[in-house]
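Spelled out, the chains give:
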Amino acid sequence: MAAAHRHSQASRRAHVPWLNVLQLLVKRHFSQASQPDVKKGRGDVPDALPVSELEPTHATSDFENSYNYVLSRLAGMDQAIHKLNVGHYTLDVNVGQLMEHLSRMDGKEPAALARALASVMNRFAFLSNMAAKMVELEDQIRDVYQHSKDNRKEMGRLEGCQKGLRVGYKCYLVYNSYEHYAGASRKCLERGGRMAMPRDRREQEALAGYVKSFFHPGNWPVWLGINDLSSEGRYIFDDGTQVSYFQWRRHFLSSQPDGGKRENCVAMSSDDGDWWDHYCDRAMNYLCEFDDRVAL
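Residues numbered from 1 in each chain as written. Predicted model: local features only at pLDDT ≥ 70, side-chain atom pairs only at ≥ 80, totals over all residues. Heavy atoms only, no water.

As for unusual backbone geometry
Under the convention used in this document: Counting from the N terminus, the helices are the DSSP runs of H or I reaching at least four residues and the strands are the DSSP runs of E reaching at least two.
Of note, the bond from His216 into Pro217 is cis; its omega dihedral lies within 30 degrees of zero at 5°. By the element assignment, Pro217 lies in the loop between helix H5 (201-215) and strand S4 (222-227). Note that the residue after Gln256, namely Pro257, is joined by a cis bond; omega there is -5°.

Some words on the confidence of the model for the chain
Note the threshold: Each residue carries a pLDDT score, the predictor's own confidence in it, on a scale running from 0 to 100. Should any heavy atoms of two residues lie within 4.5 Å, those residues are counted as being in contact.
The predicted model of the chain averages 76 in pLDDT, with 67% of residues at 70 or higher. Low pLDDT (under 50) marks residues 1-16, which in the prediction has 13 contacts with non-local residues, meaning those over four places away or in another chain.

With respect to the pattern of salt bridges
Here is the rule: We define a salt bridge as a contact between a side-chain nitrogen of Lys or Arg and a carboxyl oxygen of Asp or Glu at a distance within 4 Å. Type-normalised accessible area, obtained with a 1.4 Å probe on protein chains alone, sets the label of each residue: buried when under 20%, exposed when over 50%, and partly exposed for intermediate values.
In total, this model carries 11 salt bridges according to the counting rule given. The salt bridge partner of Arg157 is Asp292, with a shortest N-O separation of 3.1 Å. Within this pair, whereas Arg157 is found in helix H3 (residues 110-163), its partner Asp292 is found in the segment after strand S8 (284-291), the two being separated by 135 residues in sequence. For Lys170, the salt bridge is made with Glu203, and the minimal N-O distance between the two is 3.1 Å. Note that Lys170 is positioned in strand S2 (residues 170-179) and Glu203 in helix H5, a separation of 33 residues in sequence. For Lys170, a relative accessible area of 6% gives the class buried.

Some remarks on helix H4 (residues 181-190)
Because each turn of an α-helix spans 3.6 residues, side chains separated by three or four positions end up pointing in the same direction. The set of residues buried in H4 consists of Tyr181, Gly183, Ala184, Ser185, Lys187 and Cys188. Against S2, strand S3 (194-195), S4, strand S6 (265-268) and S8 lie the buried residues of H4. Taken from the residues just after H4, Gly192 is the one with a positive phi, measuring 90°.

A look at the pairing of strand S7 (residues 275-278)
The test is simple: The pairing criterion for strands is at least two bridges between them, as found by DSSP.
Covered by surrounding structure in S7 are Trp275 and Asp277 together with Trp276 and His278, the residues of both alternating faces. Sheet topology places S6 next to S7; four bridges connect them, and they run antiparallel. Across the sheet, the residue bridging to Ala267 is Trp276, located in S7. Counted between consecutive antiparallel strands, the loop separating S6 from S7 contains six residues, among which Gly273 sits at a positive phi close to 80°.

Side note on the state of the cysteines
Applied cut-off: Throughout, a disulfide means two cysteine sulfur atoms within 2.5 Å of one another.
Tallied over the full model, the rule gives three disulfides. One disulfide in the model links Cys161 with Cys171; its S-S distance is 2.2 Å. Taking the sign of the torsion about the S-S bond as the criterion, the disulfide between Cys161 and Cys171, at about 100°, is right-handed. Here Cys161, found in helix H3, pairs with Cys171, found in strand S2; they are 10 residues apart in sequence, far enough to count as distant. Of the residues examined, Cys161 reaches a relative accessible area of 13% and is grouped as buried.

Listed below in structure tokens is the structure:
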């Protein structure tokens, strides 16, 4: 019993770091990605950057609730694993004692043998039940995560259509926080949309007016869902379809695109709506697009 107690204490101490690691992984998964450092671009960006506002989203409280729930279930999982380890140790001790006892029995104690075998079988049944509960707990955690993700997408879509610009069945919303191109694309997807993809002059002019009024009187470029990362000069939207309408800046000093293979992602200037190609790892504001016909 003393050995089992010592093993139980050691097992409990060993599982504290395991729980801390799981908590850190879950927290990183649910928490907002930290904002990258703002990079200086070319002459189209002012010297002083405006203070970034909080992103216009209200799904944080739901995520915090889900995060706390998942942590509580992980704590239960840690306790269950600890019990399993203690149970395995006890079973090993019982089996060792049983084998030692059998070696001395010489067929004289069938009743004692039956009791020992019954004890071993009960222990196996207990461990099997614990394993089944662990599987059930893992399924519940996955369900909670999926529900939280779907809920955030629906809230992001509703927010985009309530606070942003509506053009036909599409809604657009500017996020005044700095992300590189891939980070902006991921944030829009997490909210149930994509980066803005103006497909014709009507949508382009509507977005240009919206972005200009949002940042007036400044000029702050925003990421669009357009790039030529897969093939130089072949521009595609963030959903993989090919771009057929363009609004490149045309000026005798700086006509776009001019970055060649170095600058492969497209942003819109807020002062005139013209498109510029940029380094994809540059941090800037971004514009998400939502389909109001979609309901999760």
